[in-house]
Amino acid sequence: MNSREIRQKYLDFFRKRGHAVIHSAPIIPENDPTTLFTSSGMQPLVPYLLGQPHPLGKRLVNSQKSFRAEDIEEVGDNRHTTFFEMLGNWSLGDYFKQEQLPWFFDYLTKVVGLNPNRIYVSAFSGDHELGIGRDDESIKIWQEIFGRENMDAKVVEIITEENGGDNGMQGGRIFTYNANKNWWSRSGTPDKMPVGEIGGPDSELFYEFTHIEHNAKFGKHCHPNCDCGRFIEIGNSVFIQYKKTVNGFDELPQRNVDFGGGLERITAASENRADVFQTDLFLPTIHEIERVSGKKYEENAYAMRVIADHLRGVIFMASAGIQASNTDQGYILRRLLRRAVRYADTLSLPNGALHLLVTTSIRPFENVYNELSEKHGAIQHLIQEEEAKFRTTLARGMKHFEELTGDTISGQDAFVLFTTYGFPIEVTQELAKEKRMTVDLLAYETAMKNHQALSRAGAEQKFKGGLADNSEATVRYHTAHHLLLKALQIVLGPNVHQRGSNITAERLRIDFVSPHKMTDDEKRQIEEIVNNKIKECLPVSSTVMKKEEAETYGAEHEFNADYPEMVSVYSVGPKDATPENPKIKDAFSVEFCGGPHVKNTKELNGTFKIIKEEAVAAGIRRIKAVIE
Ligand code: SER
């Protein structure tokens, strides 16, 4: 059965059992600022799982567009995707385990036609500390279900994954695992749930691909939760009956069923192909990548899977109105797309090939998600533009990357690779791996957090008019701007302070406090200072620090700006400054600034020239300057 039939027949199956079909909620959640994406079908239904009556009743079914950013790095194996469709059915305090488990089993075996012998299930092993016992009820129901098929259904106590790897299948059909595997909530295991969060034990169903040999890398023996790829989880029935409290758990006023099954995976099982990328949901794109690259999927599965998955994620996000950016969903979109560009390069796909894959990527969703074909052109355009943008800095970024030495890429370098050259962290990590280096992720994340806080709090005020864009030319002018301000202070006196600025790819403009018109000689001296600093090839460093510390360096403030507690400071020079030791005390210029800047003043690559000096208000002068 193809994905269309599987989706439709699932909805029909549950409709016949009294369920109302609801629309997929948008992939970007409405009215939920706590999360970037809808990552499961239950997410929009939380109020109803808590007891609020749903207008369509107590039984619901749908296919939900879902996105899991945390799985980006898992993509490349036979079963993980960032975007996926989740088939879901819910009982809002209505039916429970006795109906749910046989229904899903019947749907799989009688409608989709899976062989019951290839099906294995799991249940919660219980937890003393939580005071929640083993899920004997589910175990008993599963024994009845397999019994009807005349199958022996031995129960095996696995408890932990390690134990599973050590002991293997042991002839079992029903396996019990602890809360790491058989408990579900939006935040994960019971200990991770915040007070008020809902969840409960679950029962997963696995399909076995008998032609996939167990890989000992994942444990001595295989078992349903082994990651080798022989078993894939194709559905999860969660019994949402608990709410976290300060002391433990309370029973909810109603017992709910929250079922979710991956459409991609059920389709793979129905074709007995142990690879979701070989189902009709991805094949048109995989074939097109093979055709354009002249390479075979078998030998390039990893790269082709990443491209096909990431494009699909980008397409669904873009169809929901997300644009590439450096924050929130836009940042995830950018990460996906840039990572796809890197993998396109490893396959030698021509520049601009990615946007041409939109047509095949959306084909499986024709007449299912009409927004995709309606926005086809706009989505292509976004992908084309973002690829081009990335390519303008890719080569320079690679050059910068090649200059990094040692075993570890510092958080600061990873941060600069991102802010200045647009390298998403995954790209930096993969490049590092190729060079047998690691990335100091923690430090990178700290730098990013501070940077984001700073750009939200101060950047707009700091650059009135601001940077026109983040293009290479504009960034060069931004660094020249810092050199110029310092040169003005040297020549005209320390009381010169910036009052406004505007920087484009063609020129820079600065407004500053100064009582008199500049003489030609002053202009010449200022130009000379800036040009000397360009010639001296001074490194530019960015450091995140406490505001008070920055003030001890005499860092240049913007007039009246409010800065957060942690600030980002850019310093130019001295000659021997390094990212590990920026030697800010000896720098030529130090400013509170969110960036971006060039890595070294030699990148300014030209002669700085003042083209205009004029008054804009009483005591305020304006300079326009270019680099020729
Ligand atoms: N919410 C559960 C999951 O995501 C079942 O849909 O696995």
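Everything below is about the structure shown above.
Here goes a summary of the coordinates provided. Worth saying up front: this structure is predicted, and the values here are computed from it rather than measured.

Criteria and cut-off values
Residues numbered from 1 in each chain as written. Predicted model: local features only at pLDDT ≥ 70, side-chain atom pairs only at ≥ 80, totals over all residues. Heavy atoms only, no water. Helix = DSSP H or I, 4+ residues; strand = E, 2+ residues; numbered from the N terminus. Buried < 20%, exposed > 50% of the residue type's maximum accessible area, 1.4 Å probe, protein only. Contact = heavy atoms within 4.5 Å. Areas by Shrake-Rupley, 256 points an atom, 1.4 Å probe, with all protein chains shown as cover. Core = buried A, V, L, I, M, F, W, Y, C linked by side-chain atoms within 4.5 Å. Phe/Tyr/Trp six-rings, centres within 6.5 Å; stacked < 30°, edge-to-face > 60°. Lys NZ or Arg CZ within 6 Å of the ring centre and 35° of its normal. Near = heavy atom within 4 Å. Polar contact = N/O pair within 3.5 Å; in protein donor to acceptor, adjacent residues only side chain to side chain. Salt bridge = Lys/Arg side-chain N within 4 Å of Asp/Glu carboxyl O.

Brief notes about the overall build of the protein
Next, step 1: If you tally the helices and strands in the protein, you get 19 helices and 20 strands.
Next, step 2: If you line up the protein on its principal axes, its C-alpha atoms span 100 × 60 × 45 Å.
Next, step 3: In the protein, which comprises 628 residues, the share counted as buried stands at 59%.
Next, step 4: A separation of at least 24 residues holds for 69% of the contacts in the protein among residues at least 6 apart in sequence.
Next, step 5: Carbon and sulfur atoms form 47% of the exposed surface of the protein, whose accessible area is close to 26,400 Å².

Here we look at the nonpolar core
Next, step 1: If you look at the biggest cluster of nonpolar residues, it comprises 112 residues, and the most contacted ones within it are Ile-307, Leu-354 and Ile-383.
Next, step 2: Beyond its immediate chain neighbours, meaning those up to four positions away, Ile-307 contacts Ile-289, Ala-340, Tyr-343, Ala-344, Leu-347, Leu-349, Leu-354 and Leu-357.
Next, step 3: Counting 34 residues, the second largest nonpolar core, distinct from the first, contains Leu-483, Ile-510, Met-518 and Ile-627.

Overview of unusual backbone geometry
Next, step 1: Residues Gly-573 and Pro-574 are joined by a peptide bond in cis, for which omega reads -5 degrees.
Next, step 2: Note on placement: Pro-574 falls in the loop between β17 (566-572) and β18 (589-592).
Next, step 3: Notably, Asn-150 is not glycine yet its phi reads approximately 60 degrees, a positive angle.
Next, step 4: Position of Asn-150 among the secondary structure elements: in the loop between α4 (136-148) and β5 (155-159).

With respect to the packing of aromatic side chains
Next, step 1: Applying the stated criterion across every chain yields a total of 27 aromatic pairs.
Next, step 2: Ring centres 5.3 Å apart and planes at 55 degrees place the aromatic pair Trp-183 and Phe-249 in the tilted group. Here the residue Trp-183 occupies a position in strand β7 (residues 183-185), and Phe-249 occupies one in strand β10 (residues 249-262), the gap between them amounting to 66 residues.
Next, step 3: With a relative accessible area of 18%, Phe-249 lands in the buried category.
Next, step 4: Considering the side-chain rings of Phe-390 and Phe-423, the 6.0 Å spacing of their centres and the 75 degrees angle between planes classify their relative orientation as edge-to-face. Taken together, the residues span a long stretch of sequence, with Phe-390 in helix α13 (residues 376-402) and Phe-423 in the loop between α14 (411-419) and α15 (425-434) at a distance of 33 residues.
Next, step 5: Residue classification places Phe-423 among the buried positions, given a relative accessible area of 0%.
Next, step 6: Cluster of aromatic residues (ring-pair linked, three or more members): Tyr-10, Phe-13, Phe-14, Tyr-95, Trp-103, Phe-104, Tyr-107 and Phe-259.
Next, step 7: For the cation-ring pair, Arg-17 lies above Phe-13, with the distance from its terminal atom to the ring centre recorded as 3.6 Å.
Next, step 8: Positioned over the ring face of Tyr-120 is Arg-173, at 4.2 Å from the centre of the ring.

Thoughts on the site of the ligand
Next, step 1: With respect to spatial proximity, the complete set of residues near the ligand consists of Ser-40, Met-42, Arg-68, Met-86, Trp-184, Asn-236, Val-238, Asp-258, Phe-259 and Gly-260.
Next, step 2: At 3.0 Å from an oxygen atom of the ligand is found a side-chain nitrogen or oxygen belonging to Arg-68.
Next, step 3: Alone, the ligand offers 230 Å² of accessible surface; in the complex the protein occludes 95% of this.
Next, step 4: Where the shell around the ligand is concerned, the elements lending two or more residues are β9 (231-244) and β10.
Next, step 5: Sorting elements by how many residues they give to the shell around the ligand places β10 first, with 3 residues.

A few points about the environment of Asn-182
Next, step 1: Here Asn-182 shows up in helix α6 (residues 179-182).
Next, step 2: The buried category is assigned to Asn-182, whose relative accessible area is 0%.
Next, step 3: Taking C-alpha positions, Asn-182 is 37 Å from Val-341, a pair spaced 159 residues apart along the chain.
Next, step 4: Among residues more than four places away in sequence, those in contact with Asn-182 are Ser-122, Ala-123, Phe-124, Tyr-177, Pro-201, Asp-202, Ser-203 and Glu-204.
Next, step 5: At 3.0 Å, the side chain of Asn-182 and the side chain of Ser-122 are in polar contact.

Topic: the pattern of salt bridges
Opposite charge on two side chains permits them to pair, given that their charged atoms come into close proximity.
Next, step 1: Per the stated rule, a full pass over the model turns up 38 salt bridges.
Next, step 2: Note that Arg-273 is salt-bridged to Glu-271, the shortest N-O span being 3.9 Å.
Next, step 3: Residue Arg-273 is classed as partly exposed on the basis of its relative accessible area of 36%.
Next, step 4: By relative accessible area, Glu-271 is classed as partly exposed at 30%.
Next, step 5: The closest approach of N and O atoms between Arg-622 and Asp-511, which form a salt bridge, is 2.7 Å. Here Arg-622 is found in strand β20 (residues 620-627), whereas its partner Asp-511 is found in strand β15 (residues 508-513), with 111 residues between them in sequence. You'll find Arg-622 and Asp-511 in the same group, each marked buried.

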